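# Close look at the chain arrangement
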Amino acid sequence: MSTSQVKTQLHEYIEKADEKMLRMMFSLMQNYYEDENAIVAFTATGTPLTKKEMIALSDEAIKSVENGTSLSSDDIRKMKANW
């Protein structure tokens, strides 16, 4: 089922739903989006990172490794020696 079809089907379910079902669906969606904005980590300087930000940073790091643009542990050790 495509994303468009899923959305259409969800709209149909929402229109048919009773109050109990609407409250359950609302709670599920609310928790999903609140979790995305939950603080899950902090940077070295103490800045909080949300789940969404942490995932984005992780995706960036993965792309960097895949593209060969990340630093190796040896590179980091050399840089550290000059700190």
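Worth saying up front: this structure is predicted, and the values here are computed from it rather than measured. (Residues numbered from 1 in each chain as written. Predicted model: local features only at pLDDT ≥ 70, side-chain atom pairs only at ≥ 80, totals over all residues. Heavy atoms only, no water.)

### Some points on the confidence of the model for the protein
Our working definition: On a range of 0 to 100, pLDDT expresses the predictor's confidence in each residue. In this text, helices come from DSSP runs of H or I with a minimum length of four residues, and strands from runs of E with a minimum of two, each type numbered from the N-terminal end.
The predicted model of the protein averages 89 in pLDDT, with 100% of residues at 70 or higher. Taking the mean pLDDT of every element in the protein, the minimum, 86, falls on strand S1 (residues 39–42) and the maximum, 94, on helix H1 (residues 3–16).

### As for the packing of aromatic side chains
For clarity, the cut-off: Pairing of aromatic rings covers Phe, Tyr and Trp, the last through its six-membered ring, and needs centres within 6.5 Å; plane angles under 30 degrees mean stacked, over 60 mean edge-to-face, and all others mean tilted. Residue exposure (1.4 Å probe, protein chains only): buried if accessible area is under 20% of the type maximum, exposed if over 50%, otherwise partly exposed.
Inspection of the entire model under this criterion finds 1 aromatic pair. Between Tyr-32 and Tyr-33 the ring centres are 4.9 Å apart and the planes differ by 90°, which places this aromatic pair in the edge-to-face class. A residue is classified by how much of its surface remains accessible, and Tyr-33, at 44% relative accessible area, is partly exposed.

### Digging into the layout of surface pockets
Inclusion rule: Using only the protein atoms, space was sampled on a 1 Å grid; points where a 1.4 Å probe fits but cannot get out form cavities, open sets with protein on both sides within 12 Å along at least five of seven lines form pockets, and lining residues are those with an atom within 4 Å of a point. Grid points are joined across faces, edges and corners, and a volume is the space filled by probe spheres set on the points.
One number sums up the size of the largest pocket: a volume of about 170 Å³. Along the walls of the largest pocket sit Lys-7, Leu-10, His-11, Ile-14, Met-25, Phe-26, Leu-28 and Met-29, which together make up its complete lining. Broken down by secondary-structure element, the contributors of at least two residues to the lining of the largest pocket are H1 and helix H2 (19–36).

### What about the pattern of salt bridges?
We count it as follows: Salt bridge, as applied in this entry: a Lys or Arg side-chain nitrogen positioned within 4 Å of an Asp or Glu carboxyl oxygen.
According to the stated counting rule, one finds 2 salt bridges in the structure shown. A salt bridge links Glu-19 to Arg-23; its shortest N-O distance comes to 2.9 Å. Of this pair, Glu-19 and Arg-23 both sit in helix H2, separated by 4 residues, roughly a single helical turn. Here Arg-23 falls in the exposed class, since its relative accessible area comes to 57%. Its salt-bridge partner being Asp-74, residue Arg-77 comes within 3.5 Å of it at the nearest N-O pair. Of this pair, Arg-77 and Asp-74 both sit in helix H4 (residues 73–81), 3 residues apart, which is roughly one turn of the helix. Classification of Asp-74 by relative accessible area gives partly exposed; the value is 46%.

### Some words on the side chain of Thr-50
This is how it is decided: Throughout, a contact is declared for two residues whenever any of their heavy atoms are within 4.5 Å.
Structurally, Thr-50 can be placed in strand S2 (residues 48–50). Take Thr-50: its relative accessible area is 16%, and that puts it in the buried class. Residues in contact with Thr-50, not counting those within four places in the same chain, are Glu-36, Asn-37, Ala-38, Ile-39 and Val-40.

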